[in-house]
Amino acid sequence: MAHCISAAAEAILDKEYKVLDKGFVRLVDYMGNDSRIVQAARVSYGDGTKSYREDSGLIDYLLRNEHTSPFEQVIFTFHVKLPIFVARQWVRHRTARLNEISGRYSVMKDEFYLPLPEDMAPQSDDNKQARASEPFPDDDAREMISALEAGQKRAFADYSALIGKGLAREVARINLPLSLYTEWYWQIDLHNLFRFLRLRMDGHAQKEIRVYADAMFEIAKAVCPQACDSFEKHLVAGRNFSGPEMDALRNLLDGKESGLSGKPEERFKAKLFKQD
Ligand SMILES: Cc1cc2nc3c(=O)[nH]c(=O)nc-3n(C[C@H](O)[C@H](O)[C@H](O)COP(=O)(O)OP(=O)(O)OC[C@H]3O[C@@H](n4cnc5c(N)ncnc54)[C@H](O)[C@@H]3O)c2cc1C
């Protein structure tokens with residue numbers, strides 16, 4: 001079977017999807033598409049691509065039933081520019097290959113992430129990891145952004161001065177803040193990209209990584225729209241229910257009370273109404 005080309009992916013190769021104030025994601029290259037998933041799945045039968053509808057049904061079946069290995073046959077190489085604090089979260093996804101700009105080899109650029117006023121929210125009351133949904137009043141937010149910016153300027157001025165004195169780049173950089181932008185090439189297969197996207201497009205993920213995940217999902221849709229459609233249907237919009245929650249669902253379908261109360265009931269409702 002021939003090399004797989006997606007016209008929509010060819011059209012966006014190298015296009016920068018702007019993310020945050022100075023970041024981007026671009027698709028450098030890809031290998032395989034929806035047809036490759038189908039070819040890989042049918043290899044055991046020596047059977048090739050069938051009609052669009054049958055192929056789409058097979059992809060949906062594979063994803064629904066966690067037959068994940070055919071999805072590993074599709075590969076993406078992304079070029080990403082991102083703040084270091086986002087990169088710290090990103091590298092926890094180990095099933096990828098990456099190559100990052102070296103602060104030992106290159107002088108780092110004066111490029112730092114600054115949030116928008118709408119992103120400057122207080123600590124959340126009910127989630128220890130997150131920010132509240134309402135931002136600070138605009139004047140307060142702008143004052144705090146100025147404080148962040150002043151810190152970035154100071155750190156970069158110190159860095160430049162140390163470089164000017166001849167200090168090795170690998171040492172001069174050590175006080176640069178997490179808001180500094182870095183760049184890398186990141187290569188991953190579709191199965192593991194879906195794992196990354198499922199966690200990082202979710203409302204629990206920090207906004208600053210979520211916007212990258214959203215951009216990458218747009219790119220993935222250009223490469224393999226049918227697989228992405230199944231991913232949205234089963235993994236993004238779907239929910240896993242525990243044994244007691246399944247009992248509660250059966251009770252509700254029988255027209256009875258759920259049988260849950262307190263926190264378990266709250267969690268169940270949040271799942272059901274997509275608030276978790
Ligand atoms: C909202 C949110 C909050 C988080 N908060 C924190 C936090 O406070 N602190 C923190 O440390 N982390 C945190 N994380 C990171 C999280 O714990 C995971 O490390 C991250 O999401 C990567 O998930 P993963 O291990 O499934 O991914 P991957 O590393 O891509 O792994 C995918 C699968 O492959 C398996 N695998 C990977 N590498 C190997 C290997 N070498 N050998 C065998 N199996 C392997 C994994 O077990 C997993 O099943 C957070 C993540 C999210 C989404």
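Up top is the structure these notes are about.
The structure presented is a predicted model; accordingly, all values stated were derived computationally and were not measured. (Residues numbered from 1 in each chain as written. Predicted model: local features only at pLDDT ≥ 70, side-chain atom pairs only at ≥ 80, totals over all residues. Heavy atoms only, no water.)

S.K.: Looking at this structure, how should I read the packing of helix α8 (residues 207–223) against helix α9 (residues 225–236)?
M.R.: Between two packed helices, what matters for the description is the angle formed by their axes and the separation of those axes. Packing of α8 against α9 leaves a shortest axis separation of 6 Å and a crossing angle of 130°. What the angle tells us is that α8 and α9 run oblique. Listed contacts from α9 to F217, A220, K221, A222 and V223 of α8 are P225, C228, F231 and E232. (Axes fitted to C-alpha atoms, helices over the stretch in contact; angles between N-to-C directions. Helix = DSSP H or I, 4+ residues; strand = E, 2+ residues; numbered from the N terminus. Parallel < 35°, antiparallel > 145°, perpendicular 65-115°, else oblique. Contact = heavy atoms within 4.5 Å.)

S.K.: Honestly, the packing of aromatic side chains in this entry has me stumped. Any pointers?
M.R.: For any pair of aromatic rings, the description rests on two quantities: the centre-to-centre distance and the angle between the ring planes. For the structure shown, the criterion picks out 14 aromatic pairs. Among the aromatic residues, those joined into a ring-pair cluster are F76, F78, W90, W184, W186, F196 and Y212. The ring centre of Y17 lies 4.4 Å from the NZ or CZ of K15, which sits over that ring. Across from the ring centre of Y181, 5.6 Å away, lies the NZ or CZ of K81, which sits over that ring. (Phe/Tyr/Trp six-rings, centres within 6.5 Å; stacked < 30°, edge-to-face > 60°. Lys NZ or Arg CZ within 6 Å of the ring centre and 35° of its normal.)

S.K.: Whenever I open this one, the pairing of strand β3 (residues 75–83) confuses me. Can you help?
M.R.: Within a regular strand, side chains alternate between the sheet's two faces. For β3, a buried count of 9 out of 9 residues is recorded, marking the element as mostly surrounded by other parts of the structure. The alternating pattern of β3 places I75, T77, H79, K81 and P83 on one face and F76, F78, V80 and L82 on the opposite face, and all of these are buried. By the bridge criterion, 7 bridges tie strand β2 (residues 23–31) to β3 in an arrangement that is antiparallel. When the bridges of β3 are listed, L27 appears paired with F78. (Buried < 20%, exposed > 50% of the residue type's maximum accessible area, 1.4 Å probe, protein only. Pairing = 2+ DSSP bridges.)

S.K.: Can you help me understand unusual backbone geometry in this one?
M.R.: Positive phi, close to 55°, is recorded for L20, a residue that is not glycine. The phi torsion at E66 lies on the positive side, around 60°, for a residue other than glycine. The class for E66 is exposed, based on a relative accessible area of 66%.

Don't take any of this as a statement about function, it's just geometry.
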